[in-house]
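Here's the letter readout for the chains.
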Amino acid sequence: MTSRTASRLAWTLWALNLVLLVASAVTAVSGGMPPGQVPLAVLLPAFQLTSATVGALIAARHPGNPIGWLFLAAALAWGFAGLATGVATLGAAGVIPITGWVRVADWLGSWLFLPGIYVPVTFLFLLFPTGRLPSPRWRWVGVLAATAIALITLESALAPGPLEDAVILKSNPYALGDQAVWN
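A.B. asks: I keep staring at the environment of Asp-165 and nothing clicks. Help me out?
C.D. replies: Considering the arrangement of structural elements, one finds Asp-165 in the segment after α6 (139-158). It is 4.7 Å that separates the C-alpha atoms of Asp-165 and Ser-110, two residues lying 55 residues apart in sequence. With near-sequence residues (within four places) excluded, Asp-165 lies in contact with Ser-110 and Phe-113.

Structure representation (structure tokens):
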């Protein structure tokens with residue numbers, strides 16, 4: 001990928017993140033945000049926008065450094081999770097009908113933010129400042145970290161029982177090993 005193409009891609013992903021941020025805010029406010037979530041509604045978008053901006057700056061100037069792309073991916077995960085939760089909030093408030101897609105959005109919003117937390121925190125420490133592991137012997141640490149993040153995310157997405165961050169769903173409809181029902 002050329003430097004110009006990488007720069008365009010980085011800023012396009014930043015713009016997509018901004019669109020997701022605005023859409024998340026509109027759906028959350030339209031659905032009637034509980035007063036206890038107002039501090040989170042200010043802090044999380046600030047983290048999301050900061051992560052996207054730092055990621056775009058790094059990726060545009062140093063396209064070979066994965067840190068910028070990881071920050072952009074984390075911000076996009078937060079953006080999609082926020083939009084999914086906002087759609088579920090609209091359904092819970094009766095603004096839109098609760099359909100299968102709204103339930104899927106609620107399910108996605110309950111776990112999609114996890115890679116956005118774990119990936120930048122873990123890999124920033126492993127890859128900083130050059131964007132590479134300290135030595136080839138550290139490769140197993142990177143593989144172990146990526147595997148652990150994937151397993152934590154899958155466990156959250158597919159675990160039976162209640163979904164802590166869901167708006168509509170009472171239990172996980174896609175749970176493995178449990179009879180899942182749409183609640």
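Further notes follow.
A.B. asks: So what exactly am I meant to see when it comes to the packing of aromatic side chains here?
C.D. replies: The geometry of an aromatic ring pair is captured by two quantities: the separation of the ring centres and the angle between the planes. Following the criterion strictly, the structure yields 3 aromatic pairs and no others. Centroid distance Trp-11 to Trp-14: 5.8 Å. Interplanar angle 70 degrees. Geometry classified as edge-to-face. Of this pair, Trp-11 and Trp-14 are both found in helix α1 (residues 3-30), 3 residues apart, which corresponds to roughly one turn of the helix. Given a relative accessible area of 24%, Trp-14 falls into the partly exposed group. Centre to centre, the rings of Trp-107 and Trp-111 are 5.3 Å apart; their planes meet at 65 degrees, and the pair counts as edge-to-face. Judged by relative accessible area, Trp-107 falls into the buried class, the value being 12%. Aromatic rings pair up to connect Trp-107, Trp-111 and Tyr-174 into one cluster.

A.B. asks: I keep staring at unusual backbone geometry and nothing clicks. Help me out?
C.D. replies: Leaving glycine out, the prevailing phi sign among residues is negative, and the prevailing peptide bond configuration is trans. In this model, Phe-128 is joined to Pro-129 through a cis peptide bond whose omega is 0 degrees. Among the secondary structure elements, Pro-129 is positioned in the loop between α5 (114-127) and α6.

Each value, and the rule that gives it
- Residues numbered from 1 in each chain as written.
- Predicted model: local features only at pLDDT ≥ 70, side-chain atom pairs only at ≥ 80, totals over all residues.
- Heavy atoms only, no water.
- Helix = DSSP H or I, 4+ residues; strand = E, 2+ residues; numbered from the N terminus.
- Contact = heavy atoms within 4.5 Å.
- Phe/Tyr/Trp six-rings, centres within 6.5 Å; stacked < 30°, edge-to-face > 60°.
- Buried < 20%, exposed > 50% of the residue type's maximum accessible area, 1.4 Å probe, protein only.

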